[in-house]
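Inside the fold
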Amino acid sequence: MILEGKAALVTGGSRGIGRAIALRLAAMGARVAINYVSKPDAAQEVVDAIKAADGDAGLYKFDVAEATAVNDGVIKIIEDFGRLDILVNNAGITRDGLLMKMKEESWDQVLDTNLKGAYNCIKAVNRPMMKQRWGRIINISSVIGFLGNAGQANYAAAKAGLTGLTRSMARELASRNITVNGVAPGYIDTDMTRDLGDEVKEKVLAEIPMRAMGSVEDVAGAVAYLASDDARYITGQFIHVNGGMFMG
Ligand code: NDP
């Protein structure tokens, strides 16, 4: 229980990768705030699963793209848990399409959620973590942020932006004993990727040296490591969890 006494916020903790991260951090002893925006039943199921395993968790609905809502949410989490030590910026969406046809709205929605969402959350936890002189911020990027992808200019730009945000915040916060790192998954089996057609899936698998999609637990394991004291001297880095698809 190496995170005993710590409190964590996992944005988009209700499904997929976020759910697995929340369960893993709870199993390590952290109390976990499960954030979601649209699916209360899924989020409640995660809280119930954590409590059933003798952990502690709470439900926090807010849109990470809305700064005021994020601030209010973080204040409530700190009221409930007394502290906030670990932030996992995981909430993310896709609105795919070739740039020629991409609507401005699709660009804005993806940038607002995937990049500005992380900024909003980091800004909200900045001061309390600085006061504690201990913090872990882990941003969930994507292999697409490093490789680019036709049809995902908005998503790739947002995820590449997370690289600059991660490295800059790592420099700003290092002296306060707050590390800021990223995990960049490749293709992971979740709701986000489940609807890819068989043809696309085959093409993707051909690009992965390990010839398989990853699991949500593969990503949660990397986050767990970065949150632990074993990673105390690591900041501004990305762990690539992608079966060899990109070697950064
Ligand atoms: P899912 O679509 O399965 O889940 C997305 C989660 O984000 C849900 O919990 C959802 O909440 C939440 N969410 C979406 N928008 C917001 C918002 N505005 N505010 C708060 N929460 C929000 O996604 P994955 O688990 O697949 O992806 C998680 C992260 O991993 C994303 O950042 C994604 O870009 C990244 N990633 C995923 C890969 C994959 O192959 N799956 C590969 C590389 C990166 P709700 O349930 O309420 O809708």
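The structure we're discussing is the one just above.
Structural notes, computed from the coordinates. (Residues numbered from 1 in each chain as written. Predicted model: local features only at pLDDT ≥ 70, side-chain atom pairs only at ≥ 80, totals over all residues. Heavy atoms only, no water.)

**Describing the overall build of the protein chain**
Rules: Comment: elements are numbered from the N terminus, with helices defined as DSSP H or I runs of at least four residues and strands as E runs of at least two. A radius of gyration in this sense is built from C-alpha atoms; the matching globule rule multiplies 2.2 Å by the number of residues raised to 0.38. Note on classification: 1.4 Å probe, protein chains only; a residue is buried when its accessible area is under 20% of the maximum for its type, exposed when over 50%, partly exposed between these limits. When checking whether two residues touch, look at their non-hydrogen atoms; a contact exists if any pair is within 4.5 Å. We get accessible surface area from the Shrake-Rupley algorithm with a probe of 1.4 Å; when it comes to residues, only the shown protein chains can shield them. Counting rule applied: Lys, Arg positive; Asp, Glu negative; His and chain ends not counted. Every charge is mapped to an atom, namely NZ of Lys, CZ of Arg, CG of Asp or CD of Glu.
Counting its secondary structure elements, the protein chain contains nine helices and seven strands. The C-alpha atoms of the protein chain give a radius of gyration of 17 Å, which matches the 18 Å a tight globule of 248 residues would have. Its C-alpha atoms put the protein chain at 50 × 35 × 35 Å along the principal axes. Evaluated residue by residue, the protein chain yields a buried proportion of 49% over its 248 residues. Once local pairs closer than 6 in sequence are excluded, the contacts in the protein chain between residues at least 24 apart make up 74%. Carbon and sulfur atoms provide 50% of the accessible area of the protein chain, an area that totals close to 12000 Å². With 28 positive and 29 negative side-chain charges, the protein chain shows a spacing of 6 Å between the two charge centroids.

**Re the packing of helix H3 (residues 67-81) against helix H4 (residues 104-132)**
Formally: Only C-alpha atoms enter the line fits that serve as axes; for helices the fit covers just the stretch in contact. Angles between N-to-C directions range over 0 to 180 degrees. For any helix crossing, the convention is left-handed if the near helix is rotated counterclockwise from the far helix by under a right angle, and right-handed if that rotation is clockwise. Side-chain classes are defined by residue name, with Ala, Val, Leu, Ile, Met, Phe, Trp, Tyr, Cys and Pro counting as nonpolar, Asp, Glu, Lys and Arg as charged, and the others, Gly among them, as polar.
Where H3 contacts H4, the axes come no closer than 9 Å and their chain directions differ by 40°. Note that H3 runs across H4; the crossing there is right-handed. Across the interface between the two elements, Ala67, Val70, Asn71, Val74 and Ile78 of H3 pack against Asn120, Cys121, Ala124, Val125 and Pro128 of H4. Taken together, the residues that form the contact of H3 with H4 break down as eight nonpolar, two polar and no charged.

**A few points about the site of the ligand**
Spelled out, the test is: A molecule or strand has a residue near it when one of that residue's heavy atoms lies within 4 Å. Whenever a nitrogen or oxygen atom comes within 3.5 Å of another N or O atom, the pair is scored as a polar contact, on the condition that within protein one atom can donate a hydrogen and the other can accept it, and that pairs from neighbouring residues in sequence are kept only if both atoms are in side chains.
In the neighbourhood of the ligand, 31 residues make up the surrounding shell, with Ser14, Ser38, Asn90, Tyr155 and Thr190 lying closest. Taking Ser14, its side chain carries an N or O atom lying 2.6 Å from an oxygen atom of the ligand. At 2.5 Å, a side-chain N or O of Thr190 approaches an oxygen atom of the ligand. For the ligand, whose accessible area on its own is 900 Å², the fraction buried by protein is 95%. When residues of the shell around the ligand are traced back to their parent elements, those giving at least two are helix H1 (16-27), strand E2 (31-36), helix H6 (153-173) and helix H7 (191-194).

**With respect to the nonpolar core**
So the rule is basically this: In this text, buried Ala, Val, Leu, Ile, Met, Phe, Trp, Tyr and Cys residues form a nonpolar core when linked through side-chain atoms within 4.5 Å.
Of all hydrophobic cores here, the largest spans 36 residues; its most connected members are Ile21, Leu25, Val32 and Val183. Only strand E1 (7-10), H1, E2, helix H2 (40-52), strand E4 (86-89), strand E5 (135-140) and helix H9 (216-227) provide two or more residues apiece to this core. Sort the elements by how many residues they give to this core and H9 lands first, with eight residues. When neighbours within four sequence positions are excluded, Ile21 is seen to be in contact with Val10, Val88, Asn90, Ile140, Ala220 and Val223. Tyr60, Leu84, Met129 and Ala170 belong to the second-largest nonpolar core, a separate cluster that totals 27 residues.

**Let's talk about H9**
The following threshold applies: Helix span, expected: 1.5 Å multiplied by one less than the number of residues in the helix.
Taking 1.5 Å as the rise per residue, H9 with twelve residues should run 16 Å; its terminal C-alpha atoms sit 17 Å apart, in good agreement. For H9, the set of buried residues is Val216, Val219, Ala220, Ala222, Val223, Ala224, Leu226 and Ala227. Check the buried side of H9 and you find it contacts H1, E4, E5, strand E6 (178-185) and strand E7 (238-241).

**Quick notes on a negative patch on the surface**
Quick note on the threshold: Patches here are clusters of residues that have more than 30% relative accessible area and form no salt bridge, with a 9 Å joining cutoff for like charges and a 5 Å cutoff for nonpolar side chains (Val, Leu, Ile, Met, Phe, Trp, Tyr). Should a side-chain nitrogen of Lys or Arg be within 4 Å of a carboxyl oxygen of Asp or Glu, the pair is scored as a salt bridge.
On the surface, a cluster of negative charge is contributed by Asp63, Glu66, Glu104, Glu105, Asp108 and Asp112. In this structure, Asp63 sits in the loop between strand E3 (57-61) and H3.

**Concerning H1**
With twelve residues, H1 extends 17 Å between its outermost C-alpha atoms, agreeing within 8% with the 16 Å of an ideal straight helix rising 1.5 Å per residue. Positive phi shows up at Gly29, right after H1, with a value of about 105°.

**A closer look at the pairing of E6**
In plain terms, the rule: Any two strands are treated as partners once DSSP identifies two or more bridges connecting them.
A large share of E6 lies buried, amounting to eight of its eight residues. Side chains Ile178, Val180, Gly182 and Ala184 project from E6 onto one buried face, and the interleaved Thr179, Asn181, Val183 and Pro185 project onto a second face that is buried too. Pairing of E5 with E6, which is carried by six bridges, proceeds in the parallel orientation. Within the sheet, the bridge partner assigned to Gly135 lies in E6 and is Ile178.

**Some remarks on the environment of Asp41**
Within the secondary structure layout, Asp41 lies in helix H2. Residue classification places Asp41 among the exposed residues on the basis of a relative accessible area of 67%. Spatially, the C-alpha atoms of Asp41 and Thr190 are 17 Å apart, while their sequence positions differ by 149 residues.

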